[in-house]
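# Reading the structure
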Amino acid sequence: MSASIRNLDDLLAEGVSGRRVLVRADLNVPLDKQTGEITDDGRIRAVLPTLGALVQAGAKVVVCSHLGRPKGAPDPQYSLRPVAGRLGELLDAPVHFATDTVGESARATVDALADGQVALLENLRFNKGETSKDDTERGAFADQLAAFGEAYVDDAFGAVHRKHASVHDVPARLPHVAGRLVLREVEVLSRLTGEPERPYVVVLGGSKVSDKLAVIEALLPTVDRLLIGGGMCFTFLKAQGHEVGTSLLEEEMVETCGNLLARADGKILLPVDVVAADAFAPDAAHDTVPADGIPSHRLGLDIGPETVAGFTAALAGAKTVFWNGPMGVFEMPAFAGGTRGVAEAITKTDAFTVVGGGDSAAAVRALGLDESSFGHISTGGGASLEYLEGKTLPGIAALEN
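What counts, and at which threshold
Residues numbered from 1 in each chain as written. Predicted model: local features only at pLDDT ≥ 70, side-chain atom pairs only at ≥ 80, totals over all residues. Heavy atoms only, no water. Pairing = 2+ DSSP bridges. Helix = DSSP H or I, 4+ residues; strand = E, 2+ residues; numbered from the N terminus. Axes fitted to C-alpha atoms, helices over the stretch in contact; angles between N-to-C directions. Core = buried A, V, L, I, M, F, W, Y, C linked by side-chain atoms within 4.5 Å. Buried < 20%, exposed > 50% of the residue type's maximum accessible area, 1.4 Å probe, protein only. Contact = heavy atoms within 4.5 Å. Phe/Tyr/Trp six-rings, centres within 6.5 Å; stacked < 30°, edge-to-face > 60°. 1 Å grid on protein atoms, 1.4 Å probe; cavity = no way out; pocket = protein on both sides within 12 Å on 5 of 7 lines; lining within 4 Å. Points joined across faces, edges and corners; volume = space filled by probe spheres on them. Nonpolar A, V, L, I, M, F, W, Y, C, P; charged D, E, K, R; others polar. Parallel < 35°, antiparallel > 145°, perpendicular 65-115°, else oblique. Left-handed = near helix turned anticlockwise from the far one by under 90°. Salt bridge = Lys/Arg side-chain N within 4 Å of Asp/Glu carboxyl O.

## With respect to the sheet that holds strand β10 (residues 273–277)
In spatial order, the strands read β11-β10-β12; together these three strands make up an open sheet with antiparallel pairing. The strands lining the two open edges of the sheet, one partner per strand, are β11 (286–290) and β12 (299–303). In this sheet, adjacent strand axes meet at a mean angle of 40° when their direction is disregarded. Of the strand pairs in this sheet, β10 and β12 are connected by four bridges, and their pairing is antiparallel.

## Section: the nonpolar core
With 67 residues, the main nonpolar core has L121, I216, L226 and F236 as its most contacted residues. The greatest single-element share of this core, amounting to five residues, is contributed by helix α8 (residues 180–193). Each residue touching L226, except ones within four places of it in the same chain, is listed here: V202, L204, I216, L220, K267, I268 and L269. L8, L48, A53 and L67 belong to the second-largest nonpolar core, a separate cluster that totals 29 residues.

## With respect to the packing of aromatic side chains
This structure, assessed with the given rule, holds one aromatic pair. A centroid spacing of 6.5 Å and a plane angle of 35° characterise the contact between W323 and F374, whose relative ring orientation is tilted. Placement of the pair is W323 in strand β13 (residues 320–324) and F374 in the loop between α14 (358–366) and β15 (376–377), with a sequence separation of 51 residues. Given the relative accessible area of 5%, F374 is considered buried.

## Looking at the sheet that holds strand β8 (residues 225–228)
Ordered by their spatial adjacency, six strands build an open sheet running β9-β8-β7-β13-β14-β15, and the pairing between neighbours is parallel. This sheet does not close on itself; its edge strands, each paired only once, are β9 (268–269) and β15. The sheet contact formed by strand β14 (residues 352–355) and β15 spans two bridges and is parallel. Opposite V354, over in β15, you have H376 as the bridge partner. Against the sheet, helix α12 (residues 305–316) contacts β7 (200–204), β8, β9 and β13, and its axis sits at roughly 155° relative to β8.

## Topic: the layout of surface pockets
Approximately 340 Å³ is the volume attributed to the second largest pocket. In terms of lining residues, the second largest pocket is bounded by 18 residues, among which G42, A46, L181, I377 and T379 are the most central. If you list the elements that add at least two residues to the lining of the second largest pocket, you get α2 (42–46), α8, α14 and β15. In terms of residue count, α2 provides more of the lining of the second largest pocket than any other element does, four residues in total. Tallied by class, the residues present in the lining of the second largest pocket amount to six nonpolar, five polar and seven charged.

## Let's talk about the packing of α8 against helix α15 (residues 381–389)
Interhelical geometry of α8 versus α15 gives an angle of 40° and a closest axis separation of 10 Å. Taken as axis vectors, α8 and α15 run oblique relative to one another. Once α8 is placed against α15, the crossing between them reads as right-handed. Side by side, α8 and α15 meet where V186, L189, S190, L192 and T193 of the first sit next to S384, Y387 and L388 of the second.

## Regarding the pattern of salt bridges
As enumerated under the stated definition, the model contains 18 salt bridges in all. With a closest N to O distance of 2.6 Å, R138 and D169 form a salt bridge. Taken together, the residues span a long stretch of sequence, with R138 in helix α6 (residues 135–146) and D169 in helix α7 (residues 165–169) at a distance of 31 residues. For D169, a relative accessible area of 9% gives the class buried.

Read these as spatial facts, not as claims about activity.
Spelled out as structure tokens, the structure:
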């Protein structure tokens with residue numbers, strides 16, 4: 001991280017007792033559609049070091065976040081109320097919840113805060129100014145948010161790649177610092193973009209090549225091996241001339257994948273076998289087939305055991321590993337073996353290991369793997385990829401100014 005960016009310790013050294021501190025957190029947690037209960041509280045836990053330090057120092061802490069993709073208006077299914085409850089449990093103190101973002105409830109909730117207390121504002125994306133592409137509209141919302149703080153802390157790494165009011169515009173209006181989580185994320189990712197210890201192995205999965213194309217282009221010159229699984233592998237297999245049946249395929253990316261393979265100088269490893277099923281369903285009939293022999297009526301939903309063994313061998317001597325994207329449909333037990341096998345192989349290396357957020361982090365927790373056996377689990381899938389691509393992240397740039 002740039003030396004010009006101040007961090008939470010700088011703010012704490014100045015003294016925050018009795019001062020209102022606005023914290024942008026990433027509390028965008030998954031909720032069960034039927035019960036509304038939080039199914040993975042990893043992102044809430046990730047912001048606890050920053051919030052705990054501010055509470056301990058006697059700040060009046062005003063937390064704001066988005067959740068999901070509401071359309072710029074209140075939508076009960078995207079309310080942060082369940083998050084306020086869970087955050088209070090983890091902090092072992094009540095979290096005062098405002099039922100709006102910058103309205104009457106928010107003003108009253110913030111005004112009532114005592115030293116060392118925490119408030120959570122309702123979903124930022126209930127206000128269209130948060131995500132507006134119009135600078136004036138976004139700025140007006142940022143003015144309202146900034147009024148709740150005397151200082152600003154960005155601890156929402158999962159949102160720093162967005163040019164949103166709470167991430168990009170509020171820092172221009174308040175003294176601003178990076179929180180503990182953002183600082184850690186950037187320190188870790190800087191190790192991958194600087195001079196990573198070699199061999200440097202990257203594992204990419206997920207559904208679409210198009211989502212990962214820029215990071216593949218950026219990484220190819222620097223990695224020693226690039227292991228590709230997940231739904232995106234079928235576009236590469238098609239580029240090699242193989243039948244992929246009804247597997248996920250980006251036809252318009254086949255030529256691009258062929259060009260990448262030609263330029264990769266043998267660095268890219270693709271599956272040699274896949275778990276093919278009759279349908280996209282947890283109870284679908286399935287078996288393992290060679291990657292170049294997928295029946296035309298079936299679709300691949302996971303990498304096979306031979307591929308797991310090959311990927312494990314490629315990882316064995318690595319000194320740096322970055323993993324982003326599951327190897328298969330890990331949410332269905334029948335198609336979770338590839339993700340589990342590769343994840344376990346990563347934990348058994350002597351490497352510095354980074355899990356690049358998003359579905360990969362969710363898979364680690366869903367499969368019951370020991371989070372402490374990875375060097376770092378990022379909270380921002382898209383943000384971590386864009387950082388590795390070398391892009392300027394609006395939230396980081398705002399902290400530098």
